[in-house]
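What follows is each chain in one-letter form.
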Amino acid sequence: MEQREDSSSSRINAQLTKKARRTMGHNVQVAVATLNQWAMDFQGNLERILLSINIAAAHGATYRTGPELEVSGYSCEDHFHEPDTYLHCWEALVELVQAPVAQGMLIDVGMPVQHRNVAYNCRVAFYNGRIVLIRPKMIMCDDGNYRETRWFSPWTKERQTEDYQLPRFVALALGQDAVPIGDAVIATLDTCLGYEICEELWNPRSKHIDMSLAGVEIIVNGSGSYMQLRKAHITTDLIRNASYKAGGAYLFSNLRGCDGQRVYFNGCSAVALNGAIIARGRQFALSEVDVTVASFDLQDIRAYRGALRSRSSLAASAPNYPRVQLQLELASSDRDHPGTPASSPLGEWVYHRPEEEIALGPACWLWDYLRRSGQGGFFLPLSGGVDSSSTAIIVYSMCRLVVEAIQQGDRQVRDDCRKILANPTYLPANPADLCGRLLFTCYMGTENSSRETRARAATLADQIGSSHLDIGIDGAVSALLAIFQLATGMRPRFRAAGGCPRQNLALQNIQARTRMVLSYLFAQLMLWVKLRPGGLLVLGSANVDEALRGYMTKYDCSSADINPIGGISKVDLRRFLAYAQIEYGLPVVADIVAAPPTAELEPLVDGAIAQTDEEDMGLTYQELSEFGRLRKQAFCGPFSMFCKLAAAAVADGNRDPKDVADRVKHFFRCYAINRHKMTVLTPSYHAESYSPDDNRFDHRPFLYRANWTWQFRAIDAELELLAKHQARVEEDRTRPDVATHHTANAPSTVGNEALLFTGGGVGGGAGDGVGVAIGMSGAVSAHQLVRQSSGLYLAGVGGGGGVGGDGTVGQLTVGLTKSHSSGGYSRMHSSVLGKIKDRTGVPV
């Protein structure tokens, strides 16, 4: 009797299975969330996660994933050492698991988890009110701005799981005592899903290969990848190539925005299938929650993999992963959703040009900082030069983005704007109207200021709509000097009036520091003047090259609350301005770009500027960019930097290696003397991979021996060998029996250093300078790697057109003309003082 019942039951189950097989679909609808989270904002982070789940459900998604550490925020840093952080994450997770909108969908979120007193960066997956898997990150990231091993440990037990005992209040709330934690995958009734977390994609031994060989069809990556200029293509290429090589679907979800640090998370969440991007989110936007939805056919994955015969051979012997079994179909049944189409591959993705990235990235970062800081706008000392004008235009770009978002119906942006302005009914008429309420600019002139810079500042303020003031600060400077004279009986004089370098420097710096004091005074009181509550954030405007060289007065008007251009080179800023001139309709920008950079801190000569920044520095901005990239990206000390640059000089034939040696020594002397200024560098938007930011990105000493005795001696010895080598080459060229063996393009080496430079300019013509491209061979992390579309080149002084042929604005000349340059290598007598120029023993 029991056997007959079992037989009958088996027949019924077989019939049900056959029926299910007929109705089972193949298309999986997935959602990847891009979230603008905020470190330690558990309430706000929870609300944004719930909103993303709601949007995913509304689009029929059966699976939702989000970015790395989305529950706590990525940049909690040493808060990850606090037990409270883990407690609040579990409290938020309980609300997520029990939320009605989360039922019927497989969901995972990123949060920190402590297991057996070890902290892990994890993905936590849950379904229908039950946590199903905790998957810890297995490869940490410790380069660039990342320091993950300070807070987390990697999970090292490959293909192993353990029981994680849930906190007691979680267990009571969910009716569940334990959950698997470890290197496992989730198997549904129709497919299999596995995880990589951020760095595991970038690492040479990515986990998606092993998982795909073990039959995982959907790889999910929750990431916290930040923006750098010219980097966006790297992540997309990695995602595409991961799915191309291994087959399958790759789901990439990334943070976006400023969550409390110097970086701007990059967005660009995407879904790839079998080597093609089928869905991709935006990189720059003000919206706090974006959800990218894609649909793909599981049969396409199986067909693609089946055709890769070498992959199939490897997969047949691949070790398996522990599988968490779920009674769930990710694919919609044909009966329930008969017409769900699979997403088609996107066309060729058009990446933002560097000048567009500068226009958009810092603008979004500024908006996040402004609305979360509780301040009412920005105050900017506007000099009419490239740097401060770039900062002003970035704020104007922010206003354009805000107006556009409001016009498109973004209520969060509208409400934030009204809160900042303390006006509950305000709607901006246009970007200039909003800029007039958010940006206060001020030209702080002295008797050393020219009419031209004053006029350019006023004209730019008028064209972008900022609330502008023009004041003189000579009275304040004179009052401070009078105090000094009263105390000492002596009054310093400029060099032009017979003063020594120390007097000249002190008189320059007192002007710069007075501007800083006045900036904060005006920032605190301008909204009081306008009968508005709150205060203003002071904006800095020192570029990354000046920071590298130390060309700024310590605690002058480069010292501010935040600096949107502190990670951007002068060369890129000039390109950005040329772009903004056309894109934003700002005619005065042409005059700003054409003017030689000057601090205007020394007396005018017949009403004309007598001081230029490059002359003070003894280096051009283009050279500073070059030296900065070699120092940071190629990890060059003084000796190896000289070897690389000297090889290029020899190959080109137009530069004396002795001049190169002088140039390198001068750079490193100035770098060493001024490195202490990096300890007080204004928090800056991170955009450039050679940034000298001491806070996180560039961990180097701030007290050096400025003479670099051993290193400079090595340079001199190499220079001697090089001179002998050149003499032999010249001698060989004059001998008929040897000269025929030389060819113009033959590679050569100098002192065992392979030539990493190839002759020829990059982009436009090199004029009478040297446009030398450099092939980098340094071991650079994928997080730091930046594709330099313009190449690396040595201080060319001519050059027209765009750089690198990447479509930059044609009228911008990146190379400096002789009238704008420091006069070439002959200016090595230049004082290391300059605008911020310190002597050893005279820190400024």
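Residue positions are given per chain, counted from 1 along the sequence in the order it is written. Only residues with pLDDT of at least 70 get local features here, since the model is predicted, and only at 80 or more are side-chain atom pairs given and counted; chain-wide, interface and lining totals rely on the full set of residues. With hydrogens and water set aside, each side-chain value is computed from the structure's full complement of heavy atoms.

Chemist: Let's hear about the side chain of Arg515: which residues, and what values?
Modeler: By definition, any uninterrupted DSSP run of H or I lasting at least four residues is a helix, any uninterrupted run of E lasting at least two residues is a strand, and each is numbered from the N terminus. Within the element layout of this structure, Arg515 appears in helix α16 (residues 501-529). The classification of residues rests on relative accessible area computed with a 1.4 Å probe and restricted to protein chains. Under 20% of the type maximum is buried, over 50% is exposed, and intermediate values are partly exposed. Only four residue types enter the charge count: Lys and Arg as positive, Asp and Glu as negative, with His and the chain ends excluded. Note on definitions: salt bridges are taken to be side-chain nitrogens of Lys or Arg within 4 Å of carboxyl oxygens of Asp or Glu. One buried charged residue, Arg515, forms no salt bridge at all, with the nearest opposite charge on Glu600 at 6.1 Å.

Chemist: Just give me the short version of the packing of helix α11 (residues 386-407) against helix α12 (residues 411-421), but keep the residues and values in it.
Modeler: Running from amino to carboxyl end, α11 crosses α12 at an angle of 125 degrees, the nearest separation of the two axes being 8 Å. It follows that α11 is oblique to α12 by the angle criterion. Every pair of crossing elements has a handedness; the one defined by α11 and α12 is left-handed. Residues Val402, Ala405 and Ile406 of α11 form the contact with α12, whose participating residues are Val413, Arg414 and Cys417. Taken together, the residues of the contact of α11 with α12 break down into 5 nonpolar, no polar and 1 charged. Note on geometry: axes are C-alpha line fits, over the in-contact stretch for helices, and angles between N-to-C directions span 0 to 180 degrees. What sets the label is the angle itself: under 35 degrees gives roughly parallel, over 145 gives roughly antiparallel, 65 to 115 gives roughly perpendicular, and the rest give oblique. Should the near helix be turned anticlockwise from the far one by less than a right angle, the crossing is termed left-handed; should it be turned clockwise, right-handed. Contact definition: two residues touch when any of their heavy atoms are within 4.5 Å. Following the grouping adopted for this structure description, the nonpolar residues are Ala, Val, Leu, Ile, Met, Phe, Trp, Tyr, Cys and Pro, the charged ones are Asp, Glu, Lys and Arg, and the polar ones are all others, Gly among them.

Chemist: I'd like a description of the environment of Leu308, backed by residues and values.
Modeler: Mapped onto the elements of the fold, Leu308 is located in the loop between α8 (298-307) and α9 (309-316). A relative accessible area of 27% places Leu308 in the partly exposed class. Separated by 63 residues in the primary sequence, Leu308 and Lys245 have C-alpha atoms spaced 9.3 Å apart.

Chemist: How would you summarise the environment of Gln325 if you had to cite specific residues and measurements?
Modeler: One can find Gln325 in strand β17 (residues 323-325). When the C-alpha atoms of Gln325 and Ile186 are compared, they prove to be 6.2 Å apart, with 139 residues separating the residues in sequence.

Chemist: Please give an account of the sheet that holds strand β20 (residues 467-472) that cites residues and values.
Modeler: In this analysis, strands are considered paired if DSSP registers two or more bridges between them. The strand order β20-β19-β18-β21 describes an open sheet built from 4 strands, whose pairing is parallel. Among the strands making up the open sheet, the edge pair consists of β20 and β21 (537-538). Sheet topology note: the strand β18 (residues 378-381)/β21 ladder contains 2 bridges and is parallel. Each residue of the ladder has a partner; that of Phe379, found in β21, is Val538. Each of β18 and β19 (439-445) touches α11; the most contacted strand, β18, lies at about 155 degrees to it.

Chemist: With reference to specific residues and values, describe the side chain of Ser212.
Modeler: By the secondary structure assignment, Ser212 is in helix α6 (residues 207-213). Accessibility expressed as a relative area gives 2% for Ser212, which makes it buried. Apart from the residues lying within four places of it in its own chain, the contact partners of Ser212 are Ala246, Arg305 and Arg311.

Chemist: Just give me the short version of the packing of helix α21 (residues 621-632) against helix α22 (residues 638-652), but keep the residues and values in it.
Modeler: Viewed as axis vectors pointing N to C, α21 and α22 meet at an angle of 125 degrees, and their least axial separation amounts to 10 Å. Accordingly, the angle class assigned to the pair α21 and α22 is oblique. α22 is crossed by α21, and the crossing has right-handed handedness. Contacts between α21 and α22 involve Phe627, Leu630 and Arg631 from the former and Met641, Lys644 and Leu645 from the latter. Partitioning the contact of α21 with α22 into residue classes produces 4 nonpolar, no polar and 2 charged.

Chemist: Just give me the short version of the packing of aromatic side chains, but keep the residues and values in it.
Modeler: Any pair of Phe, Tyr and Trp rings, taking the six-membered ring for Trp, is counted once the centres come within 6.5 Å. Such a pair is stacked with planes under 30 degrees apart, edge-to-face with planes over 60 apart, and tilted for the rest. By the definition in use, this model includes 21 aromatic pairs. Judged by centre distance (6.3 Å) and plane angle (55 degrees), the ring pair of Phe80 and Trp151 falls under tilted. In this pair, Phe80 is assigned in the loop between β2 (63-65) and α3 (83-98) and Trp151 in the loop between β5 (130-136) and β6 (161-165), connecting sequence segments 71 residues apart. Judged by centre distance (6.3 Å) and plane angle (70 degrees), the rings of Tyr579 and Tyr584 are edge-to-face. Like Tyr579, the residue Tyr584 is buried in the burial classification. Remark: a charge is flagged as sitting over a ring if the NZ atom of Lys or the CZ atom of Arg is within 6 Å of the ring centre and within 35 degrees of the ring normal. Taking NZ or CZ as reference, Arg159 lies 4.7 Å from the ring centre of Tyr321, over its face. Cation over ring: Arg713 sits above Trp710, and NZ or CZ is 5.1 Å from the ring centre.

Chemist: Let's hear about helix α15 (residues 474-488): which residues, and what values?
Modeler: Taking 1.5 Å per residue, 15 residues should reach 21 Å; α15 reaches 21 Å between its end C-alpha atoms and fits that length. Phi for Gly489, located one or two positions after α15, is positive at around 80 degrees. One less than the number of residues in a helix, times 1.5 Å, gives the span that helix is expected to have.

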